[in-house]
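One-letter residues, chain by chain:
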Amino acid sequence: MFQPKKKRPRIRKTMSGLIALTLLSSLVLPCVAEAEPMDPSQVKFADVSVQAGQSVHVPVTLKQPDYSAVTAYNMQIDYDSSVLEIVRITPKYVGGNYPSIVENNESNFHYKIDDEAGWVRIIWADLTAGEHPVPVEQQLFDIEVKAKSNAAPGTKKLTVNREDAENWSFTNVDYENYTVLSGGTITITAANSGGGNSGSPGSSSGGGSVSPTSPVVTPVPSTPAVTKGVDIYVNGQKQEQSATASTSTVNNQVTTTVHVDNDKVINQIGSGLKTLLLPITGTGKGAVVGELNGKLVKTMEGSNAEVVIQTDSGTYTLPANQIQVDQILNQFGSTVPLEDITIQIAIVPSATSKQTAIQAAAGKLENTTVIAAPIDFEVKAIWNGQQVNVDRFNSYVERSITLPEGVDGSKITTGVVLQPDGSLLHVPTKVIKGNVQDSAIINSLTNSTYALIFHPATFSDVSSHWSRDDVQDLASRLIVQGTGENVFAPDRSITRAEFTAVLLRGLGLHSPRSTEAASFTDVKTGSWYEDEVQTAVSYGLISGYADDSFRPNSEISRAEALTIVSRAMKLVGLAQADASETTSLLSTYSDSAKVQAWAAEPVASAIKQELVQGADGKLMSDADISRAQSAAIVKRLLAKAGLI
């Protein structure tokens with residue numbers, strides 16, 4: 001009796017008790033005939049925008065009077081199946097200790113999707129005899145809706161026939177709940193043609209700088225902005241209505257902008273603000289922009305606080321001191337009030353042109369697959385029609401990319417950035433397993449376009465070598481390369497230029513942090529290592545010899561390699577050995593007296609961080625370092641710093 005005409009899903013017999021409870025609740029729950037609440041409960045479907053071919057999340061919420069307590073509901077939602085399809089229903093409230101639900105599973109939450117007929121039925125009941133009714137204000141579930149790729153721009157509606165009790169029923173312990181419904185409009189826009197994305201592929205690496213000002217081009221939204229209040233979190237505590245979110249479509253890109261109530265958050269600084277979290281979910285693959293003003297960022301900087309933008313596609317964790325408000329102010333003019341400067345922190349799906357370029361670059365690499373769509377992470381400062389891009393940082397800044405459901409994180413070998421020459425280069429990346437979705441955490445000294453790839457690599461001559469795992473891991477990350485067909489030559493010595501290049505690739509440093517040129521008499525213009533030497537000098541990793549030479553083709557000793565590594569340790573935040581530790585750490589090796597004074601502290605620092613162990617009780621600091629040893633040391637450095 002409870003199925004809609006001509007739309008009868010085959011419900012498992014084991015669900016019959018739940019369905020009867022939901023739709024015939026008067027048999028189980030007390031009911032007062034014809035009782036009606038003074039105020040109706042309100043069910044709201046969010047109004048959303050979505051591009052053709054993309055998905056979007058529609059939160060469904062219930063707000064009810066204090067004296068009401070919904071203990072069961074049933075609804076059938078209808079939609080135009082020629083344009084839309086339902087991907088999944090995710091319960092947000094099940095009550096009690098019930099597990100997460102999937103379609104047709106036995107539980108107190110049940111749903112059935114019929115994309116051919118264009119409807120979805122959701123049923124829920126409190127099976128604890130009224131002990132876990134729906135709270136006064138609660139999201140019931142989330143609908144993930146996809147606009148079909150051939151969908152024409154326009155609006156569609158999620159509807160419910162509320163005149164039919166089989167399609168719309170809410171039950172309370174005292175009476176049939178009187179409910180009203182609002183929202184459910186889905187605005188469909190044309191598929192992204194690749195425009196509307198600022199930021200350039202492969203932003204240069206470096207630290208502590210902002211780009212020159214440029215005019216702000218404000219695109220006109222193609223759909224009206226929809227604004228609502230949102231909650232943010234300060235040190236993990238919810239701050240209700242401390243921000244508003246507006247959603248609009250610009251250049252075929254759905255963008256949600258969160259405007260923080262700066263004064264409210266500043267008032268929290270005195271209580272020791274450390275983290276400002278802006279969780280914006282339900283936007284699917286749309287762009288998300290968090291907006292703060294310069295005054296708030298400067299105040300957070302003084303408290304060593306960080307701002308976190310959390311979206312469906314990824315998370316951006318940015319220490320306020322890395323935004324460098326003072327440098328931004330110098331660009332605009334020192335007399336500009338900080339509260340008049342808007343700081344935008346954005347997570348944006350990459351333009352189609354970038355996606356195409358990344359796929360093309362991956363195609364040039366052997367055995368390489370791009371996993372998930374690339375994402376741009378951006379920071380901008382805007383004032384009076386001028387814009388400053390903040391694209392370089394003094395220390396590594398963390399961002400994460402959430403993998404699509406069903407994508408195994410073990411199938412990712414590294415994150416990459418797209419360079420101006422069309423190549424893909426490694427950035428430090430580690431994969432975190434999640435309960436539902438895995439994510440890839442990327443640490444970088446820049447903002448850029450990031451993609452994830454699977455590039456497994458093996459070499460025949462390391463299959464039984466002690467360095468196999470280290471070498472093949474770094475090769476899969478595009479950090480080391482072979483010397484020939486399926487050959488790595490692990491025991492061959494490595495040159496100073498080669499070691500420098502491997503270390504830079506591991507650290508994700510792909511261009512100089514400054515324009516000041518390094519001058520070595522033996523670094524030839526146009527040589528393969530010219531840029532690597534320039535970059536290493538700009539980061540203070542190498543300095544050369546007293547005769548102004550670098551000796552790029554000379555084999556590098558263990559002591560020289562560890563001296564460069566010890567300088568990199570400062571960059572990644574690893575502690576070095578002090579004078580007393582140096583003496584103690586070196587004394588345990590029988591050949592410590594052979595370590596020259598200039599190398600003593602760097603070698604001791606490497607020992608302290610367990611980057612080297614020596615062999616047979618010896619350091620052999622003057623011996624040449626091999627390709628395998630170089631790979632092992634660089635991997636240990638990155639792992640110790642938490643970058644991989």
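Residues numbered from 1 in each chain as written. Predicted model: local features only at pLDDT ≥ 70, side-chain atom pairs only at ≥ 80, totals over all residues. Heavy atoms only, no water.

(A) A look at the packing of helix 7 (residues 496-507) against helix 8 (residues 530-538). Where helix 7 meets helix 8, the closest approach of the two axes is 10 Å, and the angle between their N-to-C directions is 65°. The crossing of helix 7 and helix 8 is left-handed. Contacts between helix 7 and helix 8 pair Thr-500, Ala-501 and Leu-504 from the former with Glu-532, Thr-535 and Ala-536 from the latter. Broken down by class, the residue content of the contact of helix 7 with helix 8 amounts to 3 nonpolar, 2 polar and 1 charged. (Axes fitted to C-alpha atoms, helices over the stretch in contact; angles between N-to-C directions. Helix = DSSP H or I, 4+ residues; strand = E, 2+ residues; numbered from the N terminus. Left-handed = near helix turned anticlockwise from the far one by under 90°. Contact = heavy atoms within 4.5 Å. Nonpolar A, V, L, I, M, F, W, Y, C, P; charged D, E, K, R; others polar.)

(B) Representation of the sheet that holds strand 12 (residues 185-189). With mixed pairing, the 3 strands of this open sheet are ordered in space as 2-12-9. Sheet topology places strand 2 (48-51) and strand 9 (154-157) at the edges, where each strand pairs with a single neighbour. The mean angle between the axes of side-by-side strands here comes to 30°, regardless of whether they run parallel or antiparallel. In this sheet, strand 12 lies alongside strand 9 in antiparallel orientation, the contact comprising 4 bridges. The partner of Lys-156 across the bridge, within strand 12, is Ile-186. (Pairing = 2+ DSSP bridges.)

(C) Focus on helix 9 (residues 558-572). The end-to-end C-alpha distance of helix 9, which contains 15 residues, comes to 21 Å, matching closely the 21 Å that a straight helix rising 1.5 Å per residue would cover. Within helix 9, 13 of the 15 residues are buried, leaving the element largely enclosed by the surrounding structure. In the stretch just after helix 9, Gly-573 is the one whose phi turns positive, near 85°. (Expected span 1.5 Å × (residues − 1). Buried < 20%, exposed > 50% of the residue type's maximum accessible area, 1.4 Å probe, protein only.)

(D) The environment of Lys-433, seen in detail. Within the element layout of this structure, Lys-433 appears in the loop between strand 27 (429-432) and strand 28 (439-446). A sequence separation of 25 residues divides Lys-433 from Asp-408, and the C-alpha atoms of the two residues are 8.7 Å apart. Excluding anything up to four places from it in sequence, Lys-433 contacts Asp-408, Gly-409 and Asp-438. A polar side-chain atom of Lys-433 sits 3.2 Å from a polar atom in the side chain of Asp-408. (Polar contact = N/O pair within 3.5 Å; in protein donor to acceptor, adjacent residues only side chain to side chain.)

(E) Fine view of the side chain of Asn-293. Residue placement: Asn-293 occurs in strand 18 (residues 287-293). Overall, the relative accessible area of 10% leaves Asn-293 in the buried class. In this view, Asn-293 contacts Asn-262, Leu-338, Glu-339, Ile-341 and Ile-343; residues no more than four positions away in its chain are not counted.

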